[in-house]
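Below are the chains, spelled out letter by letter.
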Amino acid sequence: VGHCHPDIVKAAHEQNQLLNTNSRYLHDNLVDYAERLSKTLPEKLCIFYFLNSGSEANDLALRLARQYTKHEDVIVLDHAYHGHLTSLIDISPYKFRNLEGQKEWVHVAPVPDTYRGLYREDHQDSVTAYANEVKNIIEQAHKRGRKIAAFFAESLPSVGGQIIPPAGYFQKVAEHVHKAGGVCIADEIQVGFGRVGEHFWAFQLQGEDFIPDIVTMGKPIGNGHPLACVATTKEIAEAFAATGVEYFNTFGGNPVSCAIGLAVLDVIEKEHLQAHATEVGNFLMKLLKEQKIKHPIIGDVR
């Protein structure tokens, strides 16, 4: 929503003057913000955990998936980056290949890139072909006695090259993952909050019939203020609560963070920023595609 947006600065300042406590003390901002966020998501994603950063959100998503499925293994896309905590370096090929390498519980699937990937635009059914790569990974894991907890992917792989997966890919992957007893986690930390223009969440580009089991948020959620969120289903949250080890975060969901989160949603709505993203995005794409026709060195525009 832009640096130092006056509405965001005002919301932070006003709440700072009143109260800023940890989230063990009940405060309306937490509930109001969760309700506002829930209106942007499919109905089944109705439980919210608030945190300080995208890395914290992805780490919690991993814990939720493992507790719910009672499995350990994770399937990720090649070149992915999911955060800087130890648990997330382990599922980020972009990082672990330069560090300690791939753990035995991590499985790397090819990026569904129809421009430069394994299956390209001229392939008769790239969606099924890429989804079958995930299916094969699951089958190979099962042969080794391993069980899949989650398929963990950015809705639009960003570090991996701003890839737009072909529509229907996540639906087919979800079928294979759910059949194996796993869950699907959509990392919306870089690509959520209306940035894709056409939709509020990038996973919605896949179609209405795809709903992740867990969605993680960060970066634009607080316009530079440390704020993050995990949204999930009642079933997954209940399995997590059943451990008796409650989830608690000293600063996650504090009144100031939630006031800022609410203000960000207000600005996105009031200034029609989603429509703006669509308009500017389409304008840029049109001009860049014209350059692509002119210059053979330009292979793809994303």
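Everything that follows concerns the structure shown earlier in this document.
Notes on the structure in this doc start here. Computed from a predicted structure; not experimentally measured.

**Topic: the overall build of the protein**
A count of helices and strands for the protein gives ten helices and seven strands. Viewed in the frame of its principal axes, the protein has a C-alpha envelope of about 60 × 55 × 35 Å. Residue burial in the protein is summarised as follows: out of 302 residues, 49% are buried. Sequence separation of 24 or more characterises 73% of the internal contacts of the protein that already satisfy a separation of 6 or more.

**With respect to the side chain of H71**
Its location among the elements puts H71 in the loop between α3 (54-69) and β2 (73-77). Residue classification places H71 among the buried residues on the basis of a relative accessible area of 15%. A polar side-chain atom of H71 sits 2.8 Å from the main-chain carbonyl oxygen of I148. Beyond its immediate stretch of four places on either side in the chain, H71 contacts R66, K147, I148, A149, A180 and G181.

**Some thoughts on helix α7 (residues 169-179)**
Regarding α7, the residues found buried are Y169, F170, Q171, V173, A174, H176 and V177. Immediately downstream of α7, the backbone of G181 shows phi near 85 degrees, a positive value.

**Some words on the side chain of D213**
On the secondary structure map, D213 appears in the loop between β5 (183-187) and β6 (214-217). Its relative accessible area of 8% is what places D213 among the buried residues.

**Notes on the pairing of β5**
Counted residue by residue, β5 has five buried out of five residues, so it is predominantly covered. Residues V183, I185 and D187 line one face of β5 and the alternating positions C184 and A186 line the opposite face, and both faces are buried. As paired strands, strand β4 (residues 148-154) and β5 are joined by five bridges and run parallel to one another. Residue pairing across strands places F152 opposite I185, the latter belonging to β5. Between β4 and its parallel partner β5, the chain crosses via α7, and the hand of that crossover is right-handed. Summarising the sheet, β5 and β6 pair through three bridges and their orientation is parallel. From the neighbouring strand, D187 faces β6, where its bridge partner is T216.

**Side note on the packing of helix α2 (residues 28-38) against helix α9 (residues 255-270)**
Two numbers describe a pair of packed helices, the interaxial angle and the distance between the axes. Here α2 crosses α9 at 35 degrees, and the two axes come no closer than 9 Å. Once α2 is placed against α9, the crossing between them reads as left-handed. Every residue of α9 that contacts α2 at N29, L30, D32, Y33, R36 and L37 is listed here: P255, C258, A259, G261, L262, L265, D266 and E269. Classifying every residue of the contact of α2 with α9 gives eight nonpolar, two polar and four charged.

**Examining the environment of D113**
Of note, D113 is situated in the loop between β3 (106-109) and α6 (126-143). Counting along the chain gives 17 residues from D113 to Y130, while the straight-line C-alpha distance between them is 8.9 Å. Apart from residues no more than four positions distant in its own chain, D113 is found in contact with Y119, Y130 and I163.

**Considerations on the sheet that holds β5**
Across the sheet, seven strands lie side by side as β1-β7-β6-β5-β4-β2-β3; this open sheet has mixed pairing. At either margin of the open sheet sits one strand with a lone partner, and together these are β1 (47-51) and β3. Each strand axis lies, on average, 20 degrees off the axis of its neighbour in the sheet, ignoring direction. Sheet strands in contact with α3 are β1, β2, β4, β5, β6 and β7 (228-232), and its direction is about 165 degrees off that of β6. Against the sheet, α7 engages β2, β4 and β5, with an angle of about 165 degrees to β4.

**Details of helix α8 (residues 234-241)**
Considered for burial, the residues of α8 that qualify are I236, A237, A239 and F240. Down the axis of α8, the buried set is contained in an arc of 160 degrees. They therefore lie on one face. Those residues of α8 that are exposed and angled more than 90 degrees off the buried face are E238 and A241. The inward-facing, buried residues of α8 contact β1, α3, β5, β6 and β7.

Procedures and definitions
Residues numbered from 1 in each chain as written. Predicted model: local features only at pLDDT ≥ 70, side-chain atom pairs only at ≥ 80, totals over all residues. Heavy atoms only, no water. Helix = DSSP H or I, 4+ residues; strand = E, 2+ residues; numbered from the N terminus. Buried < 20%, exposed > 50% of the residue type's maximum accessible area, 1.4 Å probe, protein only. Contact = heavy atoms within 4.5 Å. Polar contact = N/O pair within 3.5 Å; in protein donor to acceptor, adjacent residues only side chain to side chain. Pairing = 2+ DSSP bridges. Right-handed = clockwise from strand over helix to strand, strands pointing away. Axes fitted to C-alpha atoms, helices over the stretch in contact; angles between N-to-C directions. Left-handed = near helix turned anticlockwise from the far one by under 90°. Nonpolar A, V, L, I, M, F, W, Y, C, P; charged D, E, K, R; others polar. Arc of directions from axis to C-beta.

Nothing here speaks to function; it is all geometry.
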